[in-house]
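Each chain is listed here by its residues.
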Protein chains: 2
Amino acid sequence: MTRSKSDLDLHGRSESYFPEAPPDAVAYPETTEEVAQIVSVCARHGLPVIGWGTGTSLEGQAQASSGGIAVDFSRMNRVLEIAQEDMTVRVQPGVTREALNEELRATGLMFPVDPGANASIGGMAATRASGTTAVRYGTMRDNVLALEVVTAAGGILRTGTGARKSSSGYDLTGLFVGSEGTLGLMTELTLRLYGQPEAISAAVCGFETVEQAVQTVIDTIQCGLPMARIELMDTDSVRAVNAYARMDLPEKPHLLLEFHGSPGGVTEQAESFGALAADHGGSGFDWATRTEARTALWTMRHNAYYAILAARPGARAVVTDICVPISKLAQAIEETRADLQEAGVPGPILGHVGDGNFHAVLLVNESDPGELARAKAAAARMVERSLALGGTATGEHGIGVGKLDYMAREHGTGWAMMGAIKAALDPGGIMNPGKLVPPAG
Amino acid sequence: MTRSKSDLDLHGRSESYFPEAPPDAVAYPETTEEVAQIVSVCARHGLPVIGWGTGTSLEGQAQASSGGIAVDFSRMNRVLEIAQEDMTVRVQPGVTREALNEELRATGLMFPVDPGANASIGGMAATRASGTTAVRYGTMRDNVLALEVVTAAGGILRTGTGARKSSSGYDLTGLFVGSEGTLGLMTELTLRLYGQPEAISAAVCGFETVEQAVQTVIDTIQCGLPMARIELMDTDSVRAVNAYARMDLPEKPHLLLEFHGSPGGVTEQAESFGALAADHGGSGFDWATRTEARTALWTMRHNAYYAILAARPGARAVVTDICVPISKLAQAIEETRADLQEAGVPGPILGHVGDGNFHAVLLVNESDPGELARAKAAAARMVERSLALGGTATGEHGIGVGKLDYMAREHGTGWAMMGAIKAALDPGGIMNPGKLVPPAG
Ligand SMILES: Cc1cc2nc3c(=O)[nH]c(=O)nc-3n(C[C@H](O)[C@H](O)[C@H](O)COP(=O)(O)OP(=O)(O)OC[C@H]3O[C@@H](n4cnc5c(N)ncnc54)[C@H](O)[C@@H]3O)c2cc1C
Ligand SMILES: Cc1cc2nc3c(=O)[nH]c(=O)nc-3n(C[C@H](O)[C@H](O)[C@H](O)COP(=O)(O)OP(=O)(O)OC[C@H]3O[C@@H](n4cnc5c(N)ncnc54)[C@H](O)[C@@H]3O)c2cc1C
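All values derive from a computational prediction rather than experimental measurement. (Residues numbered from 1 in each chain as written. Chains lettered and ligands numbered in written order. Predicted model: local features only at pLDDT ≥ 70, side-chain atom pairs only at ≥ 80, totals over all residues. Heavy atoms only, no water.)

Chemist: Provide a residue-level description of the packing of helix 13 (residues 329-343) of chain A against helix 14 (residues 369-388) of chain A, including the pertinent values.
Modeler: All names here are of chain A. Running from amino to carboxyl end, helix 13 crosses helix 14 at an angle of 160°, the nearest separation of the two axes being 11 Å. One element, helix 13, and the other, helix 14, form an angle in the roughly antiparallel class. Where helix 13 crosses over helix 14, the handedness of that crossing is right-handed. Residues Ala332, Glu335, Thr336, Asp339, Leu340 and Ala343 of helix 13 form the contact with helix 14, whose participating residues are Arg374, Ala378, Arg381, Met382 and Arg385. Per-class residue counts for the contact of helix 13 with helix 14 are five nonpolar, one polar and five charged. (Axes fitted to C-alpha atoms, helices over the stretch in contact; angles between N-to-C directions. Helix = DSSP H or I, 4+ residues; strand = E, 2+ residues; numbered from the N terminus. Parallel < 35°, antiparallel > 145°, perpendicular 65-115°, else oblique. Left-handed = near helix turned anticlockwise from the far one by under 90°. Contact = heavy atoms within 4.5 Å. Nonpolar A, V, L, I, M, F, W, Y, C, P; charged D, E, K, R; others polar.)

Next comes the structure, spelled out in structure tokens:
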């Protein structure tokens, strides 16, 4: 446990535009039992407990809005057991997705979920994260099979089993995934793994309009092409990554693609995609199977957030994250672009369009409250638009404090039901208070 | 609402060995509002409310253990909206999986989850059902995107949105799926659909031992072959279906297989599988692309339960349903066979082995209490074995009353947590009392 200023500062920050909110102390447990002890003590004294993975969440989830103890999982970062035949792995929450895949490399297996940041597996589960590969491999909801959890009372609970599926009672694993540390702390996770594909090829393809790119995506999904990745970057995003990563993509909307399968299957997929893209005016479609070319492409994509930030020196980001039925995706993007233009808010758009999910990264000069207000208003309109089109306020980033205001609108009485579940499992309200659920009372 | 004897009798029965437990009345609502009214009245009077789909659940889930009103959804059986581009469908709970696929046929889309019975979608969601295709397309957990629910207080709640994924708060949809009507009644479901595969081929393959068949399954899954179906039938099961469906499979363990994909992909998959099977002594492997041959094969598989029942005229079934990590599957099956043999309980084995899930259908002469007791004891040992091997008491059939006794053992303090959630969402304890959760205390 430490109370050093640098530790408190670090754990009070967010990646996004939220003001600092440091905890009163930071703990670095090394075992589940230590976590249980910390939570027990906090329960006795009514002190808030906030889990901390790598602090990359974008809605202020890991900040200590009302003080308390930050439980930093960086020392619980071991890969505990790789079950090769079962294609599962048991890990501690602090391991990052890159470190995990590094350990898996020699086994021929991989864990595909890949938020842009090198986040911790615990933080990813807590925010129900996803990324570029969800279109093929699913989100954390689909890939967490079992958990060990320290409950709000400081008890140790196991959810799920080693079996692939189960009909044994309420899905507690699924309840903790996406709960943002408001119901308990995950101290161990069993994840589903996948075979590293025999063959991989990656591609980019330019379009004259976002509409054409999106129509290509719809056709691709509909005809059942098992895309491993299908990402959109609009012209502004392309401009930003060209500048940041010294790429030379034509300045127009692009799809970034990846195909996984057997060598023959990958070729077949790429050809089928090429034909669909050509139908919608796609140009410059070309695919690469060389590892370096692919790595360069996805590193560029994963750094796109920083590239966009760099496009406006000194700016902070209001990151939006809507997800709509795919039939409404072109409309949602088009209306968003028009709205941002009218509001004068710079906001390059990019996203995991195979899932109907996209982000506008709204760039604001922090010291100008007018700008922040305008960006927040535009972000709110995006959410309204998403809900009106049958979508959600957040496809993958979660609620934290940043999206609390939309919960009643999205869930109606479901939000109160979340509050009732929270009250039942954390009656003292100590687990990450102020996030996700309605204020107690 | 009716109280006719035939209605009460029908809704007091179970497909399995449980004694009758009729409700006090049966309602046949036609709208969500009617369901809400029924539940409101029951809430006011503290009367039990039990949902009823098609009554095919195997653990007594739909029986009225403590009387009350059975809410039969057979008149809420419409397909409300097929969203072609989004590949989703909104249905009422009473539609059966076959009726749904009939309506989908012309669209090129399909809903793959297929328990052996022609169950209702509501019942399937409530039991978190799966079937032969879960290995490729997932279970009800993976394929229910959104719900309309009548809560225990008689309110109407919507969970989820039209988006493919979301990080917006607790996963209420996932909480209701698998809750067996103990938290509320589902009055509308949005399901994920899939494109009907361009090409399909089906196959059977015989093995000398179950062990060899299972090792073939493990290799198949590990090397990433996207099997659409991979089912095991042991020698006794093969004998039963040969007699019942006039098949002439060699009397040895068999795998039943299906491949979905492009014409080239399906051929490639079948060839890869054939090579793996040959490595493990598989014989008679042959694949058919003719629709009639495939239909005959899967009709036979879906009727296997009745074929096994018919193998012992007059018998009832104690159906078991364990699911283990796939690395433990051969051991689990082998030990089960040896145990049943020693106990003198006839119990053909078959299962969804790609998921590690299998059933021994224990045949008992109902009028011999000794037999029932021996079968139940053997079923209990199967569960013990499954849990010891890191598996679950039920892969797909659920808890109902039949598996209540194993909940504490499988979930530890998690079972109490389920009770706490139940108490929070149904404080009056009117929703399907006596099932799934601990007795209210
Ligand atoms: C450049 C960039 C790109 C990104 N791209 C994506 C993307 O593509 N997709 C996506 O989904 N997200 C993305 N994110 C957001 C972020 O990476 C994810 O939200 C990630 O899951 C957060 O993980 P973390 O380890 O940083 O968690 P933290 O930020 O440390 O914590 C997140 C939440 O989880 C809780 N928590 C942490 N550990 C535990 C635990 N063990 N038990 C219980 N609760 C715990 C915290 O209390 C907090 O509420 C991006 C962020 C950045 C900065
Ligand atoms: C021959 C045979 C083969 C089978 N094979 C399989 C298999 O392969 N895989 C598998 O998973 N199962 C299988 N089963 C079991 C059974 O088919 C499933 O459990 C199925 O999901 C039950 O659906 P149902 O409509 O019959 O539900 P019911 O039996 O009517 O009800 C099941 C439960 O759901 C509740 N319920 C029903 N409707 C609603 C609603 N709208 N809202 C809330 N709760 C509701 C009921 O109260 C009850 O608790 C098989 C059964 C038989 C007889």
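Chemist: An account of the environment of Lys5 of chain A is needed here, citing residue identities and associated values.
Modeler: All names here are of chain A. Relative to the assigned elements, Lys5 resides in helix 1 (residues 5-10). The exposure class of Lys5 is exposed, given its relative accessible area of 59%. Here the alpha-carbon distance between Lys5 and Pro19, two residues 14 residues apart in the chain, equals 17 Å. (Buried < 20%, exposed > 50% of the residue type's maximum accessible area, 1.4 Å probe, protein only.)

Chemist: Pulling in residues and values, what's your account of the interface of chain B and chain A?
Modeler: Taken together, the contacts link 74 residues of chain B with 74 residues of chain A. For the pair chain B and chain A, the summed buried area comes to about 5800 Å², and 54% of that belongs to carbon and sulfur atoms. The tally of links between chain B and chain A comes to six salt bridges. Among the salt bridges present, the one from Arg141 of chain B reaches Asp171 of chain A, with a minimum N-O distance of 2.8 Å. Here chain B and chain A share 43 residue pairs in polar contact (both at pLDDT 80 or more) between them. Looking at the side of chain B that touches chain A, the elements that each hand over two or more residues are helix 6 (140-143), strand 8 (156-159), helix 7 (172-176), helix 8 (210-222), helix 10 (263-279), helix 15 (407-411) and helix 16 (413-425) of chain B. Per element, the largest residue contribution to the side of chain B that touches chain A is nine residues, and it comes from helix 16 of chain B. (Buried area = accessible area lost by both parts, 1.4 Å probe. Salt bridge = Lys/Arg side-chain N within 4 Å of Asp/Glu carboxyl O. Polar contact = N/O pair within 3.5 Å; in protein donor to acceptor, adjacent residues only side chain to side chain.)

Chemist: Before we move on, can you summarise the UniProt feature "domain: FAD-binding PCMH-type" (unreviewed entry) in chain A with the specific residues and values?
Modeler: Those places that UniProt annotates as "domain: FAD-binding PCMH-type" (unreviewed entry) correspond, in this numbering, to residues 19-196 of chain A. A helix fraction of 23% and a strand fraction of 25% characterise residues 19-196 of chain A, whose end C-alpha atoms lie 41 Å from each other. (UniProt positions renumbered as here; feature names shortened; annotations may be inferred.)

Chemist: Now, about the relation of the copies chain B and chain A: what can you tell me, with residues and values included?
Modeler: Aligned on chain A, chain B shows an RMSD of 0.0 Å; the corresponding rotation is 180° and the shift along the axis is 0.0 Å. The superposition operator between the copies reduces to a two-fold rotation axis. An overlap of 100% is found between the interface residues of chain B and their copies at the interface of chain A, pointing to a shared contact surface. (Least-squares fit on C-alpha atoms with pLDDT ≥ 70 in both.)

Chemist: Pulling in residues and values, what's your account of the sheet that holds strand 2 (residues 49-52) of chain B?
Modeler: Residue and element names in this part refer to chain B. Pairing is parallel in the open sheet, where three strands are placed in the order 1-3-2. Strands at the two margins of the open sheet, each flanked by one partner only, are strand 1 (25-27) and strand 2. Across the sheet, the mean angle from the axis of one strand to that of its neighbour is 25°, orientation sign disregarded. Pairing analysis gives four bridges linking strand 2 to strand 3 (residues 69-72), with the strands arranged parallel. Considered in strand 3, the bridge of Ile50 is made with Ala70. Where helix 2 (residues 32-45) meets the sheet, its contacts fall on strand 1, strand 2 and strand 3, and the angle it forms with strand 3 comes to roughly 170°. (Pairing = 2+ DSSP bridges.)

Chemist: Before we move on, can you summarise the site of ligand 1 with the specific residues and values?
Modeler: Residue and element names in this part refer to chain A. Close to ligand 1 lie 38 residues, the nearest being Gly51, Gly53, Thr54, Ser57 and Ser120. One of the side-chain nitrogen or oxygen atoms of Glu396 is found 2.9 Å away from a nitrogen atom of ligand 1. Relative to its unbound accessible surface of 970 Å², ligand 1 loses 98% to contact with the protein. Elements that contribute at least two residues to the shell around ligand 1 include exactly strand 2 (49-52), helix 4 (121-126), strand 9 (184-192) and helix 12 (304-310). Across the shell around ligand 1, the residue classes tally to 16 nonpolar, 19 polar and three charged. The residue makeup of the shell around ligand 1 includes at least three contributed by each of domain 1 (1-196 + 403-441) and domain 3 (314-398). (Near = heavy atom within 4 Å. Areas by Shrake-Rupley, 256 points an atom, 1.4 Å probe, with all protein chains shown as cover. Domains from an automatic or database assignment.)

Chemist: Lay out the domain arrangement of chain A in plain terms, naming residues and giving numbers.
Modeler: Residue and element names in this part refer to chain A. When cut into domains, chain A gives domain 1 (1-196 + 403-441), domain 2 (205-305) and domain 3 (314-398). A separation of 25 Å is found between the C-alpha centroids of domain 1 and domain 3. Listed per partner, the contact involves 19 residues of domain 1 and 22 residues of domain 3. Counting the surface lost from both domain 1 and domain 3, the interface buries some 1700 Å², and carbon and sulfur atoms represent 51% of this. Counting across the interface, domain 1 meets domain 3 through one salt bridge. One salt bridge connects Glu384 with Arg409, and the closest N-O pair in it is separated by 2.2 Å. Remark: the boundary between domain 1 and domain 3 carries eight residue pairs in polar contact (both at pLDDT 80 or more).

Chemist: Can you explain the confidence of the model for chain A? Please cite residues and give values.
Modeler: For chain A, per-residue confidence averages 95 on the pLDDT scale, and 100% of positions sit at 70 or higher. Confidence metrics for the complex model read pTM 0.97 and ipTM 0.96. (pLDDT = per-residue confidence, 0-100.)

Chemist: Any details on the site of ligand 2? Residues and values, ideally.
Modeler: All names here are of chain B. Close contacts around ligand 2 come from 38 residues, with Gly51, Gly53, Thr54, Ser57 and Ser120 the closest. The contact in question runs from an oxygen atom of ligand 2 to an N or O atom on the side chain of Thr54, over 2.6 Å. Bound to the protein, ligand 2 loses 98% of the 980 Å² it would expose on its own. When residues of the shell around ligand 2 are traced back to their parent elements, those giving at least two are strand 2, helix 4 (121-126), strand 9 (184-192) and helix 12 (304-310). Tallying contributions element by element places helix 4 first for the shell around ligand 2, with four residues.

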